[in-house]
Amino acid sequence: MKITVTVNGVERSGDVEPRTLLVHFLRDELDLTGTNIGCDTSSCGACTIHVEGQSAKSCTMLAAQADGLELTTIEGLANGDILHPMQRCFQENHGLQCGYCTPGMVMAAISLLDENPNPSETDVRIGLEGNLCRCTGYHNIVKSVLACAAESNGASR
Amino acid sequence: MIPAAFEYVRADSVDAALSALTEYGDEAKLLAGGHSLLPLMKLRLAAPSVLVDVGRLDDLRYINDAGDYIAIGALTRHRDLETSSLLASAAPLLAHAAGHVGDPQVRHRGTIGGSLAHADPASDLPAVALAMGATIVATGPNGTREIAASEFYTGFLESALAPDELLTEIRIPKLDTQGWSFQKFNRRAQDWAIVGVATVRANGSTGVGLVNMGSTPLLASAVMNAVKSGANAADAAALANEGTEAQSDINASSEYREHLARVLVRRSLEESGLS
Ligand SMILES: Cc1cc2nc3c(=O)[nH]c(=O)nc-3n(C[C@H](O)[C@H](O)[C@H](O)COP(=O)(O)OP(=O)(O)OC[C@H]3O[C@@H](n4cnc5c(N)ncnc54)[C@H](O)[C@@H]3O)c2cc1C
Ligand code: FES
Ligand code: FES
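Residues numbered from 1 in each chain as written. Chains lettered and ligands numbered in written order. Predicted model: local features only at pLDDT ≥ 70, side-chain atom pairs only at ≥ 80, totals over all residues. Heavy atoms only, no water.

### Thoughts on the overall build of chain B
In step 1: Of regular secondary structure, chain B possesses 12 helices and 14 strands.
In step 2: Relative to a compact globule of 275 residues, whose C-alpha radius of gyration would be 19 Å, chain B shows 18 Å and is just as compact.
In step 3: Projecting the C-alpha coordinates of chain B onto the three principal axes gives extents of approximately 55 × 45 × 30 Å.
In step 4: Considering chain B as a whole, with its 275 residues, one finds that 57% of them fall into the buried category. (Helix = DSSP H or I, 4+ residues; strand = E, 2+ residues; numbered from the N terminus. Rg over C-alpha atoms; globule rule 2.2 N^0.38 Å. Buried < 20%, exposed > 50% of the residue type's maximum accessible area, 1.4 Å probe, protein only.)

### A few points about the packing of helix H2 (residues 85-92) of chain A against helix H3 (residues 102-115) of chain A
All names here are of chain A.
In step 1: Two elements in contact, H2 and H3, have axes separated by 10 Å at closest approach and are oriented at 125°. In terms of axis orientation, H2 runs oblique to H3. Crossing of H2 over H3 shows right-handed handedness. Contacts between H2 and H3 pair Met86, Gln87 and Phe90 from the former with Thr102, Met105, Val106, Ala109, Ile110 and Leu113 from the latter. (Axes fitted to C-alpha atoms, helices over the stretch in contact; angles between N-to-C directions. Parallel < 35°, antiparallel > 145°, perpendicular 65-115°, else oblique. Left-handed = near helix turned anticlockwise from the far one by under 90°. Contact = heavy atoms within 4.5 Å.)

### Digging into the pattern of salt bridges
Residue and element names in this part refer to chain B.
In step 1: All told, the structure shown has 19 salt bridges over all chains when counted by the stated rule.
In step 2: As a salt-bridge pair, Glu82 and Arg79 come within 3.7 Å of each other at their nearest N and O atoms. Within this pair, Glu82 and its partner Arg79 are both found in helix H3 (residues 78-83), separated by three residues, close to a single helical turn.
In step 3: On the accessibility criterion, Glu82 (25% relative accessible area) is partly exposed. (Salt bridge = Lys/Arg side-chain N within 4 Å of Asp/Glu carboxyl O.)

### Side note on the packing of aromatic side chains
Residue and element names in this part refer to chain B.
In step 1: Tallied over the full model, the rule gives two aromatic pairs over all chains.
In step 2: Taking the centre distance of 5.0 Å and the plane angle of 90° together, the rings of Phe152 and Tyr153 count as edge-to-face. This pair shows no difference in class: Phe152 is buried, exactly as Tyr153 is.
In step 3: Between Phe185 and Tyr256, the aromatic rings sit 6.5 Å apart at their centres with planes inclined by 80°, giving edge-to-face as the arrangement. On the criterion of sequence distance, the pair formed by Phe185 in strand S11 (residues 177-185) and Tyr256 in helix H12 (residues 254-271) is long-range, its members being 71 residues apart.
In step 4: Phe185 gets classed as partly exposed once you look at its relative accessible area, which sits at 29%.
In step 5: On the basis of relative accessible area, Tyr256 is assigned to the partly exposed category, the value being 29%. (Phe/Tyr/Trp six-rings, centres within 6.5 Å; stacked < 30°, edge-to-face > 60°.)

### Some points on the interface of chain B and chain A
In step 1: The interface is formed by 32 residues belonging to chain B together with 30 residues belonging to chain A.
In step 2: At the boundary of chain B with chain A, total buried surface from both sides reaches about 2,700 Å², with 53% on carbon and sulfur atoms.
In step 3: Here B:Arg79 makes a salt bridge to A:Glu115, at a shortest N to O gap of 3.4 Å.
In step 4: Remark: the boundary between chain B and chain A carries 14 residue pairs in polar contact (both at pLDDT 80 or more).
In step 5: At the level of elements, strand S1 (7-10), helix H2 (37-42), strand S3 (50-53) and helix H6 (104-109) of chain B are the ones that each hand at least two residues to the side of chain B that touches chain A.
In step 6: Considering each element in turn, the side of chain B that touches chain A owes the most residues, five residues, to H6(B).
In step 7: A class-by-class count of the residues in the side of chain B that touches chain A yields 15 nonpolar, seven polar and 10 charged. (Buried area = accessible area lost by both parts, 1.4 Å probe. Polar contact = N/O pair within 3.5 Å; in protein donor to acceptor, adjacent residues only side chain to side chain. Nonpolar A, V, L, I, M, F, W, Y, C, P; charged D, E, K, R; others polar.)

### Comments concerning the environment of B:Ile2
In step 1: By the element assignment, B:Ile2 lies in the segment before S1.
In step 2: Residue class for B:Ile2 comes out partly exposed when judged on its relative accessible area of 40%.
In step 3: Expressed as a C-alpha distance, the spacing of B:Ile2 and B:Ser254, which sit 252 residues apart in the sequence, is 33 Å.
In step 4: Discounting residues that sit within four places of it in the chain, B:Ile2 has contacts with A:Arg19, A:His24, B:Lys42 and B:Arg44.

### Notes on the sheet that holds S11(B)
Residues and elements named next belong to chain B.
In step 1: Taken together, four strands build an open sheet; the order of strands is S11-S12-S13-S14 and the sheet is antiparallel. Looking at the sheet topology across the chains shown, the edges are occupied by S11 and strand S14 (218-219).
In step 2: Both strand S12 (residues 195-202) and strand S13 (residues 205-211) contribute to a ladder of seven bridges, which runs antiparallel. Counted as the bridge partner of Thr199 is Val208 from S13.
In step 3: Most of the contacts of helix H8 (residues 124-131) go to S13, to which it runs at about 160°, and overall it touches S11, S12, S13 and S14. (Pairing = 2+ DSSP bridges.)

### Observations regarding the site of ligand 1
In step 1: Surveying the vicinity of ligand 1 reveals 30 residues, the closest of which are B:Leu30, B:Ala32, B:His35, B:Leu37 and B:Thr111.
In step 2: Those residues lying near ligand 1 are distributed over chains A and B.
In step 3: At 3.0 Å from an oxygen atom of ligand 1 is found a side-chain nitrogen or oxygen belonging to B:His78.
In step 4: Measuring from an oxygen atom of ligand 1, one finds a side-chain N or O atom of B:Thr111 at 2.6 Å.
In step 5: When the residues that make up the shell around ligand 1 are grouped by side-chain class, the tally is 12 nonpolar, 14 polar and four charged. (Near = heavy atom within 4 Å.)

### A closer look at the confidence of the model for chain B
In step 1: In the predicted model, chain B carries a mean pLDDT of 96, and the fraction of residues at 70 or more is 100%.
In step 2: Complex prediction metrics read pTM 0.97 and ipTM 0.96. (pLDDT = per-residue confidence, 0-100.)

### Some remarks on the domain arrangement of chain B
Residue and element names in this part refer to chain B.
In step 1: Partitioning chain B into structural domains gives domain 1 (7-53), domain 2 (58-173) and domain 3 (177-271).
In step 2: Taken together, the contact between domain 2 and domain 3 spans 26 residues of the former and 23 residues of the latter.
In step 3: Both sides together, the interface formed by domain 2 and domain 3 hides about 1,900 Å², and carbon and sulfur atoms give 70% of it.
In step 4: Connecting domain 2 to domain 3 are one salt bridge.
In step 5: Asp124 is the salt-bridge partner of Lys184, the closest N and O atoms lying 2.8 Å from each other.
In step 6: For the interface between domain 2 and domain 3, the tally reads four residue pairs in polar contact (both at pLDDT 80 or more).
In step 7: Every element with two or more residues in the side of domain 2 that touches domain 3 is listed here: helix H5 (92-98), H8 and strand S8 (153-155).
In step 8: The greatest single-element share of the side of domain 2 that touches domain 3, amounting to six residues, is contributed by H8.
In step 9: Partitioning the side of domain 2 that touches domain 3 into residue classes produces 16 nonpolar, seven polar and three charged. (Domains from an automatic or database assignment.)

This is the structure:
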């Protein structure tokens, strides 16, 4: 079946089998390999993207379900060489070790701040419950998200 | 992991979904948020040959004050429930429990209709629907019918819905709530409950729903009757396992689940204001 999605602001079409998972469509058809696959059980969040502006696990959606929708992947965040503030905060706060969970963490964290711009540390930990880090670097991930929240609150004041 | 091949039909109206169900019969499964069905299909524990996607039926995505009850469209997502100001005042137990389903990504996609229809004893919202005395509205080729939540669950992953019916609405009675509590015991934040308890005390009676204490979501009837006849929280909670058949699995033995049920029912009754 033919589907069309808007990914990172660009309209992209493809011919997929109905059973094609959205994450496979992004990676294998559109060559957007920044979105990772870390599990078979919808648990790890490595595949997190934004669907219509909200975090979602792209391994738990069919490409067909995304037909006509707006998607953002990790590739859509930076503006040329200028990183998205959340990406920069992860870099500055050492919010990654091997980096495998990072695209999903960053996407989940941006969605979290959209919903709660001024989170406590506990809010961040609970808000990232859908994302697992096998390097278990949670401390610096939480620090990165809090730094980004503080920065954008400062900027808007 | 990739699901077995199937045919995909997107329904753009309730009528279109119903005709697809009639046309494909037993072969077809409805797809709402997909957050229970797709994980099963990826593991090939389910392999329907036709998926009828109702995920775009936005006219079934609402939370309305209907006078005596709150009407919730089946396609309303967990996140909508969690953030609804109407539910926060009229049905705080439901809004709170919805905020504890899975993780944010799951709550952005999963729906209340899918949660109730899937009939998983480990799910949170069925126990809430039972405790609150909700009514489920099913729409089929011959029109709509109402099913009491207490009559809805018939077996493991089985409900009173006919194969050609769509769950369209959930009605939550407007209760004069005196107290409520949602207890969810799990090891990792995003997980399903090992045991969960939903309690609401309102209009002079107490509803208690149990998560994961048998093959279906359950009402703790013995506890409810004891409270009605004046038992205190501790005495009523001692009856938490009556009528249950908790399973043993990788997370807990049945004995441990029974222990948890007694402890959590007691906490839940106390938190809802029963001494
Ligand atoms: C990682 C993860 C963690 C989770 N944790 C929890 C948790 O802690 N607690 C919890 O309660 N749930 C949890 N869930 C399940 C989640 O709540 C699901 O969203 C929900 O159970 C099913 O809703 P859905 O809309 O995704 O349904 P789907 O998966 O689309 O459908 C589920 C079933 O219901 C049927 N169905 C769907 N809609 C209708 C309808 N309107 N009428 C008739 N039949 C219908 C489908 O045919 C299918 O058989 C979790 C899921 C994941 C992936
Ligand atoms: S790959 Fe999607 S949750 Fe793990
Ligand atoms: S940084 Fe390695 S998995 Fe998170």
